[in-house]
Amino acid sequence: MDSISTARLAPVHPELARRVTGLIDELANDPDPVNIRVTRGIATVEQQDALWQIGRDADGNKIGATVTNAKGTQSNHVLGFAVDVVPMNINTGQPDWNLSHKDWQRIIALAPKYGLRDGQCFHDAPHLELIEVPEVPTEEMQQTYLQAGAPSLWAETTIPTAVWDTPGISA
Ligand SMILES: [Zn+2]
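Residues numbered from 1 in each chain as written. Predicted model: local features only at pLDDT ≥ 70, side-chain atom pairs only at ≥ 80, totals over all residues. Heavy atoms only, no water.

1. Structural notes on the environment of Met141
No. 1: In this fold, Met141 is placed in helix α6 (residues 139-148).
No. 2: Here Met141 falls in the buried class, since its relative accessible area comes to 10%.
No. 3: Met141 sits 41 residues away from Ser100 along the chain, and the two C-alpha atoms are 35 Å apart. (Helix = DSSP H or I, 4+ residues; strand = E, 2+ residues; numbered from the N terminus. Buried < 20%, exposed > 50% of the residue type's maximum accessible area, 1.4 Å probe, protein only.)

2. Looking at the pattern of salt bridges
Here the idea is simple: oppositely charged side chains can pair when their charged atoms come close.
No. 1: One pass over the structure, following the stated rule, counts twelve salt bridges.
No. 2: Across the pair Asp32 and Lys102 runs a salt bridge, and its minimum N-O distance is 3.3 Å. With a gap of 70 residues between them, Asp32 in the loop between α2 (14-28) and β1 (35-40) and Lys102 in helix α5 (residues 102-110) connect regions that are remote in the sequence.
No. 3: Among the residues examined, Lys102 registers a relative accessible area of 45% and is labelled partly exposed.
No. 4: Salt-bridge contacts for Arg106 lead to Asp103; the nearest nitrogen and oxygen are separated by 3.8 Å. Of the two residues, Arg106 and Asp103 are both situated in helix α5; the distance of three residues between them amounts to about one turn of the helix.
No. 5: Among the ionic contacts, a cluster of salt bridges with common partners joins Asp30, Asp32, Lys102, Asp103 and Arg106. (Salt bridge = Lys/Arg side-chain N within 4 Å of Asp/Glu carboxyl O.)

3. Describing the environment of Gly64
No. 1: As for its position among the elements, Gly64 is in the loop between α3 (45-53) and α4 (76-79).
No. 2: Under the relative-accessibility criterion, Gly64 is labelled partly exposed at 32%.
No. 3: As for Gly64 and Leu9, which are separated by 55 residues in sequence, their C-alpha atoms are 32 Å apart.

4. A word on the sheet that holds strand β3 (residues 116-118)
No. 1: Taking strand neighbours across the sheet as the criterion, the four strands line up as β1-β2-β4-β3 in an open arrangement whose pairing is antiparallel. What marks the edges here is a single partner per strand, and that holds for β1 and β3. With direction set aside, neighbouring strand axes in the sheet form an average angle of 40°.
No. 2: Alignment of β3 against strand β4 (residues 127-130), held across three bridges, turns out to be antiparallel. When the sheet's bridge partners are listed, Asp118 is paired in β4 with Leu128. (Pairing = 2+ DSSP bridges. Axes fitted to C-alpha atoms, helices over the stretch in contact; angles between N-to-C directions.)

5. Focus on the environment of Val67
No. 1: Assignment of secondary structure puts Val67 in the loop between α3 and α4.
No. 2: Linking Val67 and Trp52, residues 15 residues apart in sequence, is a C-alpha distance of 6.7 Å.
No. 3: Apart from residues no more than four positions distant in its own chain, Val67 is found in contact with Leu51 and Ile54. (Contact = heavy atoms within 4.5 Å.)

6. Details of the nonpolar core
No. 1: Among the nonpolar cores identified, the biggest contains 31 residues, and Leu23, Ile36, Phe81, Val83 and Leu116 are the most heavily contacted of them.
No. 2: Elements that contribute at least two residues to this core include exactly α2, β1, α4, β2 (82-88), α5, β4, α6 and α7 (150-156).
No. 3: The element that contributes the greatest number of residues to this core is α2, accounting for six residues. (Core = buried A, V, L, I, M, F, W, Y, C linked by side-chain atoms within 4.5 Å.)

7. A short note on the side chain of Glu129
No. 1: Its location among the elements puts Glu129 in strand β4.
No. 2: Look at Glu129 and you get buried, because its relative accessible area is 1%.
No. 3: Polar side-chain contacts of Glu129 include one of 2.8 Å to the side chain of His127. (Polar contact = N/O pair within 3.5 Å; in protein donor to acceptor, adjacent residues only side chain to side chain.)

8. Thoughts on the confidence of the model for the chain
No. 1: Scored by pLDDT, the chain has a mean of 89; 91% of the residues are at 70 or more.
No. 2: Looking across the chain, the model is least confident in α7, with a mean pLDDT of 92, and most confident in α6, with 97.
No. 3: For residues 166-171, every residue scores under 50 in pLDDT, and the model assigns this stretch three contacts once sequence neighbours within four places are set aside. (pLDDT = per-residue confidence, 0-100.)

Quick look at the structure:
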C-alpha cells in the first residue's frame, strides 16, 4: 500500500482500516494485481458540508450536478466508517477513473468478503464502509459524534471482527 493510502486510513475506525487493508493486500498480491489508492478517508463536518454545497444554492436548492446527498454528520465518512478508493493504472501509475474498467468491478466483488459494503447503490464508487453500520447514520449516532467525537461513537458501536479473519471459517 502506498504512503498516501496508509495516511488516509490512520484516522478512520480501526476495524475499517483493517478490513480495507485486507482487501487492498489481497488484490495487490493477486497474480493479476490491482493497485488501489485510498482517495478519501475521514472528513470533517465542514468538508462534508462543502461537498454537499456543490450544485446547490445558498438555500440548499439544487441548481446543478450534485455530488452527495449527505450533509455533515449524515455521511459515514465524517463518522469514520467509510473510505473511497480508486484502482491505479498499472502502466501509468495514475488513478483510473473509468468505472467500466474490470479493476473497479473486482474491488466491488471482493468487498463483502471483507465485511465491507460498497456505495454503488448511492452512486459513490468504490465507496467502502463497514457493513454493520447503517447507510445513513441514525440521529442518535450523529448526536453522539457531535457531543463526544468519533472515538466515543466507535466505543458505543459494537463492530465485530470480520469473519474472514476468524480461524477455521472461510469467507
Ligand atoms: Zn464515499
